Amino acid sequence: MPVPVRRLTLDQARRIALAAQGFAEPRPSGTVDRRHGRRLFDRVGVVQIDSVNVLCRTQELVLFARLGDHRRDLIPSMTEAGDVFEYWAHEASHVPVALHPFLRWRMDDAAEGQGMWGQVAKIRNDDPGLVARVLDRVREGACTIGMIEEGVHGQRLRRSGGMWGWNTTKVAAEYLFWSGQITARRGPNFERLYDLPERALAPEVLALPTPPPAEAKKKLLMVGARSHGVGAASDLVDYFRLNG
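Caption draft 1: Fine view of the packing of aromatic side chains. In the structure shown here, the tally under the stated rule is three aromatic pairs. Centre to centre, the rings of tryptophan 88 and tryptophan 178 are 4.8 Å apart; their planes meet at 20°, and the pair counts as stacked. Linking tryptophan 88 in strand β2 (residues 84-88) with tryptophan 178 in helix α9 (residues 168-178), this pair joins segments that are 90 residues apart in sequence. The exposure classification of tryptophan 88 matches that of tryptophan 178, with both residues buried. Arginine 186 extends its terminal NZ or CZ atom over the ring of phenylalanine 190, reaching a point 4.4 Å from the ring centre. Its guanidinium or amino end placed over the ring of phenylalanine 102, lysine 219 lies 5.7 Å from that ring's centre, counting from NZ or CZ.

Caption draft 2: The arrangement of helix α6 (residues 118-126) in detail. Looking only at α6, the buried set comprises Val120, Ala121 and Ile123. Angularly, the buried residues of α6 cover 150° about the axis, an arc narrow enough to put them on a single face. Pointing more than 90 degrees away from the buried face of α6 are the exposed residues Lys122, Asn125 and Asp126. Residues of α6 that are buried sit in contact with α7 (128-140) and α9.

Caption draft 3: Spotlight on the pairing of β2. Across the five residues of β2, five count as buried, placing the element largely inside the fold. Every second residue of β2 is oriented toward a common face, with Val84, Glu86 and Trp88 on one face and Phe85 and Tyr87 on the other, all of them buried. Hairpin connection of β2 to strand β3 (residues 92-96): three residues between the antiparallel strands.

Caption draft 4: Structural context of the nonpolar core. Ranked by size, the top nonpolar core spans 60 residues in total, and within it Val134, Ile148, Ile182, Tyr194 and Phe240 carry the most contacts. Top contributing element to this core by residue count: α9, with seven residues.

Caption draft 5: Region of interest: the pattern of salt bridges. Under the definition given, this model contains 19 salt bridges. Of the charged contacts in the structure, one is a salt bridge between glutamate 140 and arginine 137, with a shortest N-O distance of 3.8 Å. Taken together, the residues glutamate 140 and arginine 137, both in helix α7 and three residues apart, mark about one turn of the helix. With relative accessibility at 63%, the residue glutamate 140 sits in the exposed group.

Caption draft 6: Highlighting the confidence of the model for the chain. Mean pLDDT for the chain: 91, with 95% of residues reaching 70 or above. No element of the chain has a lower mean pLDDT than helix α8 (residues 145-153), at 87, and none a higher one than helix α12 (residues 213-228), at 97.

Caption draft 7: Broad picture of the packing of α7 against α9. Where α7 meets α9, the axes come as close as 9 Å, and the angle between the chain directions of the two elements is 70°. For the element pair α7 / α9, the angle class is roughly perpendicular. Listed contacts from α9 to Leu130, Val131, Val134 and Leu135 of α7 are Thr168, Thr169, Ala172, Ala173, Tyr175 and Leu176. Of the residues assigned to the contact of α7 with α9, the class counts are eight nonpolar, two polar and no charged.

Caption draft 8: Main features of the side chain of arginine 106. Relative to the elements of secondary structure, arginine 106 occurs in helix α5 (residues 104-111). It is aspartate 109 that comes nearest to the buried, bridge-free arginine 106 among opposite-charge side chains, at 6.8 Å. A polar contact is formed between the side chain of arginine 106 and the backbone oxygen of tryptophan 88, at a distance of 3.0 Å. Among residues more than four places away in sequence, those in contact with arginine 106 are Tyr87, Trp88, Ala89, Trp178, Phe240, Arg241 and Leu242.

Caption draft 9: Quick peek at the side chain of glutamate 86. Structurally, glutamate 86 is set in strand β2. The exposure class of glutamate 86 is buried, given its relative accessible area of 2%. A distance of 2.9 Å separates the side chain of glutamate 86 from the side chain of arginine 192, its partner in a polar contact. Other than its neighbours up to four places away in sequence, glutamate 86 contacts Ile49, Ala92, Ser93, Phe177, Thr183, Ala184, Arg185, Arg186 and Arg192.

Caption draft 10: Structural context of the pairing of β3. Counting buried positions over the five residues of β3 gives five, a clear majority of the element. Here β3 shows no split at all, with Ala92, His94 and Pro96 on one side and Ser93 and Val95 on the other all buried. Here strand β1 (residues 47-48) runs beside β3; their pairing, made up of two bridges, is antiparallel. What sits directly across from glutamine 48, in β3, is serine 93.

Cut-off values and rules
Residues numbered from 1 in each chain as written. Predicted model: local features only at pLDDT ≥ 70, side-chain atom pairs only at ≥ 80, totals over all residues. Heavy atoms only, no water. Phe/Tyr/Trp six-rings, centres within 6.5 Å; stacked < 30°, edge-to-face > 60°. Helix = DSSP H or I, 4+ residues; strand = E, 2+ residues; numbered from the N terminus. Buried < 20%, exposed > 50% of the residue type's maximum accessible area, 1.4 Å probe, protein only. Lys NZ or Arg CZ within 6 Å of the ring centre and 35° of its normal. Arc of directions from axis to C-beta. Contact = heavy atoms within 4.5 Å. Pairing = 2+ DSSP bridges. Core = buried A, V, L, I, M, F, W, Y, C linked by side-chain atoms within 4.5 Å. Salt bridge = Lys/Arg side-chain N within 4 Å of Asp/Glu carboxyl O. pLDDT = per-residue confidence, 0-100. Axes fitted to C-alpha atoms, helices over the stretch in contact; angles between N-to-C directions. Parallel < 35°, antiparallel > 145°, perpendicular 65-115°, else oblique. Nonpolar A, V, L, I, M, F, W, Y, C, P; charged D, E, K, R; others polar. Lys, Arg positive; Asp, Glu negative; His and termini not counted. Polar contact = N/O pair within 3.5 Å; in protein donor to acceptor, adjacent residues only side chain to side chain.

Following this line, the structure appears as structure tokens:
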């Protein structure tokens, strides 16, 4: 039998989408803390990170629109406390740690050189020695890319022009980050501070079982559908870049 189709007006679809993103609830009346942040992340599933800061960082605007006035260090404090972690979920994103097991298939693909930007995928085979040295430097302690360069090369290296002007050391660090061998949080100047997952994430998070890729993708698709509220299939799939 054919499945009945329910048609929505544009106004209904708009209201469903806004409610799914948390705009139908009143902002907290008291002090906003990590509890409110966790509820927000549970609802939206992913908050994209952006370096644009004409007013403030884009990810802060996401929180302000739903929570109102809050401490500017709410996301950093949640990261430090192990509530969220950074990974390539949509783009570079803050993600609740409960979703870590469901993104491990992407880390495994990246470890094999799949699903990444070309230059990042190539470094695995082009310069495995550099990748190993960068990982060794991160094992010594959390570090920025400048600290990694000083540890690996004895000096900071020049970047090529443009926003994505990465040298090979930065590319190696990003390969390790994408493949889950290292993780990162943001420093005071928005720079990535790379660290080992076992130091940055709670043991109970890392101990969670890794589901099969198909099950993990289904879970992420369901989170995307819930957080969208309404949308085309391509929209729901793109929430966690499952079409890549």
